[in-house]
Each structure stands twice: as C-alpha cells, then as structure tokens.
Amino acid sequence: MVFGRITEAVSDLKETLRRLFQDPPSHAVQLGPLAIRPRGIAPLAAAPRLPAFQLSVNSVTAPLEVRAILTEAPVRFQGQLRAEAGWARWASGAKVCEMPVFGAGGQHRMEVPPLPRRPPSHRVEAETFRALSRSFREGFAPPRVRGGAPALPLSAVRDGLDVVLGLPIAIQGQDVQTLPKAQWMRYSLQLVKSTGENIRNLEVLGLYRLPSRGVADMRHDAKTGRLLVALNREATGVSRQPFLLARRRDDRTLVSCFLEEG
C-alpha cells in the first residue's frame, strides 16, 4: 500500500514535470486560395419630381367712386377799433431810456503795465509734511496668571474593531505564471500534499497573501480575480502567508491551503 502511494506520487510528479517542460501544441491550418467576388452596383437614376402648382386668375371689382361733400361752416368776421394814447407823447420830445455808461466822454483809457523780466518767488513751507512726535509714558500691565490642572483629560475610546473587521477586504491575487518554475513546482507539491487531490483535476485561481489566523469568511470574484475576505479579532497582529486557491475540474468546488515559504 505504501509503495502504491509512492508510485502514484511519482507518477503525478512525472506528469507535472512533463506538463511544465513540454512544448505548446501547434496545429497546421490549411488556408485556401482567397477569392474576390466582384459585385456590381446598380446605376444611379435621377427621377424628377415636380410639385403640382396651378395658377388661377380671379377678377375682383373694387368700388372706386369718389364723392365730394360740401359743408358750410359758421364763419363770422367782427372788427374792433382800438386806440393807443402813448404814441401822442413822441411829438413833445419824450425820452425813453438814457445809458450813461455808453455816453460820449464817459469812458477812461486803460494801460497794460509792462511784465517783469524775472517773476518774483516766495518761499512757502509745506505744513502738510511736518512730522509731529509725542511722548507717552505708559507702563505695561503685569501678565495675568491662570492656574490649571497639568493632567491630560482621558481620551474617549470606542470599541469599533469588530465593525471594521467585519467589512470585506478585497485582496488582489498574484499570477502564478510569473513565478519561477522551481518555486511553482514546490507550491504545487504542497497543494497536492495538503488537499490530497490530483494536480490534473485542479485549476489554480490565484496566489494571495492572507493572515494565517482569523479568516472568518472568503469569497472569490471571478471577474476581477480578487478575493473578498472577512476577518475577526484573531487576525490582529498576525503575519501574512502565501495562500493558494484552486478549483476542482469535475465538481467545480474550491480547495485551498497555506504555503510554507522556504
């Protein structure tokens, strides 16, 4: 029985090594001759479309008769006789207005004095730009002293670790194709040893870094390749270890194991 298990493990290892170092399969494809089939295009035809316009002439008679109407308005002319008594005083030599300013001999001759060769200058002090200084002897008041307790107040602590750990954490996985072949071979042997499954029946989904303790629930997102993990208090201060997640090909169930880093 022991030799049978050893033989099966050796055969699995042999199959794993053969699948790792074998060449990718290639198939020949027969390409037939490319045939281009010409297709004709229907000729363009112009179809005139005229709107149905119809002109009609209608005769219309308008009343162009102009009638003149004579109307007599009550117009009455009335004459008034008015007399002005002031015109009779001009014959006695009356004066209407005398202007002594514009009379003959009433003006005086004015002379313009000669301009000086040097204009006189006067010194004026600018009162606006004078600086005034005032001295004050005002003492400073003594500082006020206030007493207080040197002890710091107690900080408010709320127990919210369970709420934070209850939220799902998205962890992006590492592509196993980028790992060295020797390291991937060691990880695949640990997966087979921990789960007891055949490597041919497993499909590896990703390599993640998870806490070794305190993982309450996990769910794999197939679209993004991330792993949604819910933790509890046991995950506080725990180091992360590589976690390998795989899926069975026959019943599509998930298998996983923590890996040991050598």
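Residues numbered from 1 in each chain as written. Predicted model: local features only at pLDDT ≥ 70, side-chain atom pairs only at ≥ 80, totals over all residues. Heavy atoms only, no water.

Undergrad: What am I meant to see in the overall build of the protein here?
TA: Counting its secondary structure elements, the protein contains three helices and six strands. For the protein, the residues scored as buried account for 15% of the 262 residues in total. In the protein, 64% of the contacts between residues at least 6 apart in sequence involve partners at least 24 apart. With the model as given, the accessible surface of the protein reaches about 26200 Å², and the carbon-plus-sulfur share is 57%. (Helix = DSSP H or I, 4+ residues; strand = E, 2+ residues; numbered from the N terminus. Buried < 20%, exposed > 50% of the residue type's maximum accessible area, 1.4 Å probe, protein only. Contact = heavy atoms within 4.5 Å. Areas by Shrake-Rupley, 256 points an atom, 1.4 Å probe, with all protein chains shown as cover.)

Undergrad: Would you take a moment to explain the sheet that holds strand 1 (residues 169-172) for this structure?
TA: The strands making up a sheet associate through hydrogen bonds between their backbones, and the pairing can be parallel or antiparallel. What the three strands build is an open sheet, ordered 1-4-3; its pairing is antiparallel. The strands lining the two open edges of the sheet, one partner per strand, are strand 1 and strand 3 (215-220). The average angle at which neighbouring strand axes cross in this sheet is 30°, direction not considered. (Pairing = 2+ DSSP bridges. Axes fitted to C-alpha atoms, helices over the stretch in contact; angles between N-to-C directions.)

Undergrad: Can you help me understand the sheet that holds strand 5 (residues 240-248) in this one?
TA: Pairing is antiparallel across the open sheet formed by three strands, whose spatial order is 2-5-6. The sheet terminates laterally at strand 2 (202-211) and strand 6 (254-258), the two strands that pair on one side only. Each strand axis lies, on average, 25° off the axis of its neighbour in the sheet, ignoring direction. The sheet contact formed by strand 2 and strand 5 spans nine bridges and is antiparallel. Paired with Gly-206 across the strands is Leu-245, a residue of strand 5.

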